[in-house]
Amino acid sequence: DIYVDKLCADAPSRGAHLLVAHTSRFVVDLNRAEDDIDGRTVPDHPAPKGTQPRGVVWRMTTKGHPLMSGPLDYQRLERRLERFHRPYHTALRETLQNLRERHGYAILIAAHSMPSASRRGPKRADVVPGTRAGTTADRRLIDAVASHFRDAGLSVRHDEPYRGGYTTGHYGRPAEGFHAVQIELNRGLYVDEGNGKPKSGAFDSLRSLMGGLVDVSASV
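This section reports on the structure supplied with the text. Every value quoted in this text rests on a predicted model; they were computed, and no experiment measured them. (Residues numbered from 1 in each chain as written. Predicted model: local features only at pLDDT ≥ 70, side-chain atom pairs only at ≥ 80, totals over all residues. Heavy atoms only, no water.)

## Describing the nonpolar core
Counting 23 residues, the largest nonpolar core has F149, I183, L185, Y190 and L206 as its most contacted members. Residue assignment for this core shows that the elements contributing at least two residues are α1 (4-7), α3 (139-150), β3 (178-186) and α5 (200-219). Other than its neighbours up to four places away in sequence, Y190 contacts I2, Y3, V4, L7, S113, L185, K197, P198, K199, F203 and L206. If you look at the next biggest cluster of nonpolar residues, it comprises 18 residues, including V28, V57, L99 and Y171. (Core = buried A, V, L, I, M, F, W, Y, C linked by side-chain atoms within 4.5 Å. Buried < 20%, exposed > 50% of the residue type's maximum accessible area, 1.4 Å probe, protein only. Helix = DSSP H or I, 4+ residues; strand = E, 2+ residues; numbered from the N terminus. Contact = heavy atoms within 4.5 Å.)

## Considerations on the pairing of strand β2 (residues 127-130)
A two-sided burial pattern is seen for β2, the buried positions comprising V127 and P129 on one face and V128 and G130 on the other. With 4 bridges connecting them, β2 and β3 associate as antiparallel partners. The partner of G130 across the bridge, within β3, is Q182. (Pairing = 2+ DSSP bridges.)

## Describing the packing of aromatic side chains
By convention here, two paired aromatic rings are described through the distance between centres and the angle between planes. Under the defined criterion, the tally for this structure stands at 3 aromatic pairs. Measuring from centroid to centroid gives 6.1 Å for Y3 and F203, while their planes differ by 85°, and the two rings are edge-to-face. Placement of Y3 in the segment before α1 and of F203 in helix α5 is noted, with a sequence separation of 200 residues between them. Accessibility expressed as a relative area gives 9% for F203, which makes it buried. Among the aromatic residues, ring-to-ring pairing joins Y3, Y190 and F203 into one connected group. (Phe/Tyr/Trp six-rings, centres within 6.5 Å; stacked < 30°, edge-to-face > 60°.)

Have a look at this one:
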């Protein structure tokens, strides 16, 4: 999710908390459940629930290239979870709980980036809010997020091709006061996808827009 942390860097100055992962998803994918692992990735896992090669540990890239020289044993998986996955989600969970206690509700914006187009499909929308068919957040928040980006001239398409991963589904419980929206940003908006370098003016504009998303979310 290239440069997304920098795009969201203004969030704390607008009153939000910012939790940034510093570990590649090739080590552990924080947007997957602990048991989202298939038997080929960790053969001695006592109860694997995943069925794909890109669970909490990826053994293949999205293009089908191998990422591991061999299977991972369960003990090594546990070390990765203990070092990276559990501390991250403990921090996230405690932050959301504290916010709900203070304000009566908490809003989680899970920011990601996506390629500008799929390998076989057409160009993707500029922004994809993922809410699992509107179930992980109050509809007023979902509509406000979409309007914020559309008013800036960007195209928005809900849940396509990303409907929200583990983080969105796990923490997005509107009935309990927890609202979660995954935001997938089209990398072509702010990055030269050929060399990975930021597009200076466009990058700054999108950073400002992401900062403004804090104000929009808080005003709903």
